[in-house]
Amino acid sequence: MPLNHIRPWRNIYRRTSRQIMVGSVPVGGDAPITVQTMTNTLTTDVAATVAQVQAAAEAGADIVRVSVPDEGSSKALKEIVAESPVPIVADIHFHYKRGIEAAEAGAACLRINPGNIGSEDRVKEVIKAARDHNCSIRIGVNAGSLEKHLLEKYGEPTPDAMVESGLDHIKILQDNDFHEFKISCKASDVFMAAAAYQRLAEATDAPIHLGITEAGGLTSGTIKSAIGLGNLLWMGIGDTIRVSLSADPVEEVKVGYEILKSLGLRHRGVNIISCPSCARQGFDVIKTVEVLEERLAHIKTPMSLSIIGCVVNGPGEALMTDVGFTGGGAGHGMVYLAGKQSHRMDNDQMVEHIVEEVEKKAAEIDAASAAEAQAAE
């Protein structure tokens, strides 16, 4: 992200990494940090899987991963890839032949797990298939499935064991002159994952895929991921992320974007700044925000909206947002546009009016961006 010279305490200095391509999407280098998710349908159910991929893409997913556990899934993958609006990563475990089949089916990337993919010779065959079909690879180290010899060496899953696993497989790829790879070292333990990723970031210039694996349900998993991923991203570590939740993949995408938005690393859609509400509120803040989140979900233009219940913090928050509404008294509040007081609005008309103002502002931003792009050509 561009450096902020006015507020330098907001600057994040991203770790320098090589850039690879996952299909048409760049990962690493100076590319935006991408958001991934994974389908949880049966891959052999092509219609259901494609529908889930499309829903995730509509929510903002840059890349979607699909599990390929059997030959039937490999065959289905070809149809899924053909209908997907985003690059597809094939998730490969145990059966190296599934990796070869996935590359042949058009997968943009193969995720292989060092702990269960098999011997070096099998990895070499997957590398050949990836090279032959212009496919990148993710080395996906997981604390829950480390190689037996590393568990014997370290006694249990540890950050050092995870990094050693990853570096061993990086060497295999590099020895075979294959460099289109990224790497992850996930754990469900936030401390272990964070420590492993920090050590990994120092040991390689490969793009890093961040994740806290098996983080839990929507609430607990979001909190774990925000803490683990948020701290690493703040340190400048991470080129692509996946939030692992026992929830709809669309929720993973939403949480991923919110983490990036909170750090100023990606901007997509309306960032709603709202108060928790209290007895001073001039309108039902919680219900209003709930409705606005749904009504504004179609807006993809990066912009900000403040919804504050009273004048304690409302005017100050509105100074820094594109559109704002602050509760007042007698059934109405103040609308702010571009940080300045604009006009009063009755509470019962406020939602419709805010939606109109946000849509209008989004159109203005889009038009200005298009004009700037045209002038630069």
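Being a predicted model, the structure only gives us computed values, none of them experimental.

1. As for the packing of aromatic side chains
Then, number 1: Going through the model one piece at a time under the given rule, you end up with one aromatic pair.
Then, number 2: Ring centres 5.3 Å apart and planes at 75 degrees place the aromatic pair Phe283 and Phe325 in the edge-to-face group. On the criterion of sequence distance, the pair formed by Phe283 in the loop between β11 (270-274) and α10 (285-295) and Phe325 in strand β13 (residues 323-327) is long-range, its members being 42 residues apart. Taken as a pair, Phe283 and Phe325 share a single burial class, namely buried.
Then, number 3: For the cation-ring pair, Arg18 lies above Phe181, with the distance from its terminal atom to the ring centre recorded as 4.8 Å.

2. Let's talk about the side chain of Glu252
Then, number 1: Of note, Glu252 is situated in helix α9 (residues 249-262).
Then, number 2: A distance of 3.0 Å separates the side chain of Glu252 from the side chain of Arg242, its partner in a polar contact.

3. With respect to helix α6 (residues 159-175)
Then, number 1: Under the 1.5 Å per step criterion, the end-to-end length of α6 is 24 Å for 17 residues, consistent within 8% with the ideal 24 Å.
Then, number 2: For α6, the full list of buried residues reads Pro159, Ala161, Met162, Val163, Ser165, Gly166, His169, Ile170, Ile172 and Leu173.
Then, number 3: Buried residues along α6 sit against α4 (120-132), β7 (136-142), α5 (148-154), β8 (181-186) and α7 (190-203).

4. Some words on the sheet that holds β11
Within a sheet, neighbouring strands are paired by backbone hydrogen bonds and run either parallel or antiparallel to one another.
Then, number 1: One open sheet accounts for five strands, arranged β11-β12-β13-β14-β15; its pairing is mixed. Each edge of the sheet is formed by a strand with only one pairing partner; in this case those strands are β11 and β15 (340-346). Adjacent strand axes in the sheet meet at a mean angle of 20 degrees, parallel and antiparallel pairs treated alike.
Then, number 2: Pairing of strand β12 (residues 303-308) with β13 involves four bridges; the strand directions are parallel. Bridging across to β13, Ser306 finds its partner in Gly324.
Then, number 3: Contacts from α10 reach β11 and β12, with the element oriented near 155 degrees to β12.

5. A look at the sheet that holds strand β10 (residues 240-242)
Then, number 1: The strand order β8-β7-β6-β5-β4-β3-β10-β9 describes an open sheet built from eight strands, whose pairing is parallel. The two strands at the open ends of the sheet, each matched to only one other strand, are β8 and β9 (209-210).
Then, number 2: Pairing geometry for strand β3 (residues 34-38) and β10, over three bridges, is parallel. Across the sheet, Gln36 pairs through a bridge with Arg242, a residue of β10.
Then, number 3: Relative to β3, α9 is tilted by about 160 degrees, and along the sheet it contacts β3 and β10.

6. Remarks on unusual backbone geometry
Then, number 1: Phi is positive for Phe94, close to 70 degrees, though the residue is something other than glycine.
Then, number 2: For Phe94, the location among the structural elements is in the loop between β5 (88-92) and α3 (96-105).
Then, number 3: By relative accessible area, Phe94 is classed as exposed at 55%.
Then, number 4: Phi at Asn134 is positive, roughly 55 degrees, even though this residue is not glycine.
Then, number 5: Among the structural elements, Asn134 can be located in the loop between α4 and β7.

7. Section: the environment of Gly28
Then, number 1: Topologically, Gly28 is positioned in strand β2 (residues 25-28).
Then, number 2: Under the relative-accessibility criterion, Gly28 is labelled buried at 0%.
Then, number 3: Residues Gly28 and Thr240, spaced 212 residues apart in sequence, show a C-alpha to C-alpha distance of 7.7 Å.
Then, number 4: If near-sequence neighbours (up to four positions away) are discounted, Gly28 is found in contact with Ser17, Arg18, Gln19, Pro207 and Asp239.

8. Let's talk about the layout of surface pockets
Empty space left among the atoms is revealed by rolling a probe the size of a water molecule over them.
Then, number 1: Counted as a void, the largest pocket has a volume near 870 Å³.
Then, number 2: Taken together, 26 residues make up the lining of the largest pocket; nearest its centre are Arg10, Lys261, Gly264, His267 and Asn271.
Then, number 3: Within the residue set of the lining of the largest pocket, elements represented by two or more residues are α9, β11 and β12.
Then, number 4: In the lining of the largest pocket, the residues fall into 11 nonpolar, nine polar and six charged.
Then, number 5: What the second largest pocket holds in volume is close to 690 Å³.
Then, number 6: If you trace the second largest pocket, you find 23 residues lining it, with Lys254, Glu258, Lys261, Glu293 and Ala297 closest to the centre.
Then, number 7: Only α1 (46-59), α9, β11 and α10 provide two or more residues apiece to the lining of the second largest pocket.

9. Thoughts on the nonpolar core
Among soluble globular proteins, nonpolar side chains are generally buried collectively.
Then, number 1: Counting residues in hydrophobic clusters, the biggest one holds 78 residues, and the most contacted among them are Leu77, Leu110, Ile137, Met162, Leu210 and Leu233.
Then, number 2: Looking at this core, the element that brings in the most residues is α7, giving seven residues.
Then, number 3: Ignoring sequence-local partners within four residues, the contact set of Leu210 consists of Lys186, Tyr197, Leu229, Leu232, Leu233, Ile237, Gly238, Thr240, Ile241 and Arg242.
Then, number 4: The next biggest cluster of nonpolar side chains, apart from the first, holds 20 residues, and it includes Ile272, Leu305, Val335 and Val358.

About the criteria used
The residue count restarts for each chain, going from 1 along the sequence in the order it is written. With pLDDT at 70 or above as the cut-off, local features in this predicted model cover only qualifying residues; side-chain atom pairs require 80 or more to be listed or tallied, and sums for whole chains, interfaces and linings still use all residues. Side-chain metrics in this entry use all non-hydrogen atoms of the structure; hydrogen atoms and water are not considered. When the centres of two rings from Phe, Tyr and Trp lie within 6.5 Å, Trp using its six-membered ring, the rings pair. Their planes under 30 degrees apart give stacked, over 60 give edge-to-face, and anything left gives tilted. Only DSSP runs of H or I covering at least 4 residues are called helices, and only runs of E covering at least 2 are called strands; the numbering of each starts at the N terminus. Burial classes follow relative accessibility: with a 1.4 Å probe on protein chains only, a residue under 20% of its type's maximum area counts as buried, one over 50% as exposed, and anything between as partly exposed. Note on geometry: a ring has a charge over it if NZ (lysine) or CZ (arginine) is within 6 Å of the ring centre and within 35 degrees of the ring normal. In protein, a polar contact requires one atom able to donate a hydrogen and another able to accept it; more generally it is a pair of N or O atoms within 3.5 Å, and residues adjacent in sequence count only if both atoms are side-chain atoms. Helix span is expected to be 1.5 Å times the residue number reduced by one. Should any heavy atoms of two residues lie within 4.5 Å, those residues are considered in contact. In this description, strands pair whenever DSSP reports at least two bridges between them. Angular values range over 0 to 180 degrees, each being the angle between N-to-C directions of two axes fitted as lines to C-alpha atoms, with helices fitted over their stretch in contact. Definitions used for this entry: grid spacing 1 Å over protein atoms alone; cavity, a set of points where a 1.4 Å probe fits but cannot get out; pocket, an open set with protein on both sides within 12 Å along at least 5 of 7 lines; lining residue, one with an atom within 4 Å of a point. Grid points are joined across faces, edges and corners, and a volume is the space filled by probe spheres set on the points. Charged residues are taken to be Asp, Glu, Lys and Arg, nonpolar residues to be Ala, Val, Leu, Ile, Met, Phe, Trp, Tyr, Cys and Pro, and polar residues to be all remaining types, Gly included. Here, the term nonpolar core denotes a set of buried Ala, Val, Leu, Ile, Met, Phe, Trp, Tyr and Cys residues that are joined through side-chain atoms within 4.5 Å.

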